[in-house]
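Descriptive structure summary
The residues making up each chain are set out below.
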Amino acid sequence: MMKIVFATGNKDKLREVREILSGLSCEVISMKEAGVDGDIEENGTTFSENSMIKAKSVAELLKGKNPELAAESIVMADDSGLEIDYLNGEPGIYSARYMGHDTSYTEKNNNLIGRLEGVPDEKRSARFVCAISAVFPNGEAFGTVGKMEGRIGYEISGSNGFGYDPIFFLPEYGKTSAELSEAEKNAISHRGKALREMAALLKEKL
Ligand code: IMP
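Report on the accompanying structure. (Residues numbered from 1 in each chain as written. Predicted model: local features only at pLDDT ≥ 70, side-chain atom pairs only at ≥ 80, totals over all residues. Heavy atoms only, no water.)

A short note on the overall build of the protein chain
- A count of helices and strands for the protein chain gives six helices and eight strands.
- Put simply, the protein chain runs from its N terminus to its C terminus through helices and strands in the order β-α-β-α-α-β-β-α-β-β-β-β-α-α.
- Computed over C-alpha atoms, the radius of gyration of the protein chain comes to 18 Å, within 12% of the 17 Å expected from 2.2 N^0.38 for 206 residues, which places it in the range of a compact globule.
- Oriented by its inertia axes, the alpha-carbon framework of the protein chain measures out at about 55 × 30 × 25 Å.
- For the protein chain, contacts bridging at least 24 residues in sequence account for 62% of all contacts bridging at least 6.
- Within the structure as shown, the protein chain displays about 10200 Å² of accessible surface, and the carbon and sulfur contribution to it stands at 49%.
- If you average the places of the 25 positive and of the 33 negative side-chain charges in the protein chain, the two averages end up 2 Å apart. (Helix = DSSP H or I, 4+ residues; strand = E, 2+ residues; numbered from the N terminus. Rg over C-alpha atoms; globule rule 2.2 N^0.38 Å. Contact = heavy atoms within 4.5 Å. Areas by Shrake-Rupley, 256 points an atom, 1.4 Å probe, with all protein chains shown as cover. Lys, Arg positive; Asp, Glu negative; His and termini not counted. Charge placed at Lys NZ, Arg CZ, Asp CG, Glu CD.)

Below, the structure is given as structure tokens:
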């Protein structure tokens, strides 16, 4: 049975990945469970490039650490973030680093609302983007991208989710993504879409 090593330390992401890829009959393990750790410099210019850099780096590290496991594993990585059109796509690939890693999301979210002060609804368009890359033991690699469109709200609202969810307003739901249940968000989210597309591609290959 093939294994999928997912390059994340985030337990929530891993849970979502396991759930969406559950139809593949592959065991999904974390980087840590595979015995690999270390910070990988994400120096690409797009979400897709960064997720591919991560997946390829972890695949190389795994080969060095545990060649047997590497020979039966697909290494997968994601990169995601928020693009705000009025801010020319900011914070984009710098979403996690925006205003510094140690700044709280309450501050980051209030800052972004402040930067959009006086900006009307139709110019507040934004999207969450998620790129997933997969690298096979023979080096073959491919990726998928998922997007969730919405608008930046006028105030912080909701306590589900994480990060920028409390300011990400979904007009068709009349609420932010922080006011959706986990299952509701997963069904429409950038990460859910990219993962389901990846699951479909892997189904063809495995
Ligand atoms: P990554 O984990 O390196 O891909 O960083 C993603 C960053 O983008 C997170 O730290 C959040 O700031 C933001 N982000 C990505 N997806 C979401 C989401 O679903 N909700 C809220 N923020 C998100």
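Thoughts on the packing of aromatic side chains
- Taken as a whole and assessed by the stated rule, the structure comprises three aromatic pairs.
- With a centroid separation of 4.4 Å and 45° between ring planes, the pair formed by F128 and F168 is classed as tilted. With a gap of 40 residues between them, F128 in strand β5 (residues 125–135) and F168 in strand β7 (residues 168–170) connect regions that are remote in the sequence.
- Relative to F142, the ring of F136 lies with its centre 5.8 Å away and its plane at 35°, an arrangement referred to as tilted.
- Residue classification places F136 among the buried residues on the basis of a relative accessible area of 12%.
- Relative accessible area serves as the criterion here: at 14%, F142 is assigned to the buried category.
- Residue placement shows R124 over the ring face of Y154; its charged tip is 3.9 Å from the ring centre. (Phe/Tyr/Trp six-rings, centres within 6.5 Å; stacked < 30°, edge-to-face > 60°. Buried < 20%, exposed > 50% of the residue type's maximum accessible area, 1.4 Å probe, protein only. Lys NZ or Arg CZ within 6 Å of the ring centre and 35° of its normal.)

Considerations on the layout of surface pockets
- Reported here for the largest pocket is a volume of approximately 1400 Å³.
- Looking at the largest pocket, it is lined by 49 residues, and the ones nearest its centre are T8, N10, K13, D78 and F162.
- Among the residues making up the lining of the largest pocket, the classes are represented as 14 nonpolar, 17 polar and 18 charged. (1 Å grid on protein atoms, 1.4 Å probe; cavity = no way out; pocket = protein on both sides within 12 Å on 5 of 7 lines; lining within 4 Å. Points joined across faces, edges and corners; volume = space filled by probe spheres on them. Nonpolar A, V, L, I, M, F, W, Y, C, P; charged D, E, K, R; others polar.)

Quick look at the site of the ligand
- The immediate surroundings of the ligand are formed by 15 residues, with K13, S80, Y105, K185 and H190 found nearest.
- Between the ligand and Y164 there is a distance of 3.2 Å, counted from a nitrogen atom to a backbone nitrogen or oxygen.
- Relative to its unbound accessible surface of 490 Å², the ligand loses 88% to contact with the protein.
- For the ligand, the cavity whose grid points lie within 2 Å of the majority of its atoms is the largest pocket.
- The set of elements that each furnish at least two residues to the shell around the ligand consists of β3 (73–84) and α6 (190–205).
- For the shell around the ligand, the per-class residue count stands at five nonpolar, five polar and five charged. (Near = heavy atom within 4 Å. Polar contact = N/O pair within 3.5 Å; in protein donor to acceptor, adjacent residues only side chain to side chain. Sits in = over half its atoms within 2 Å of the grid points.)

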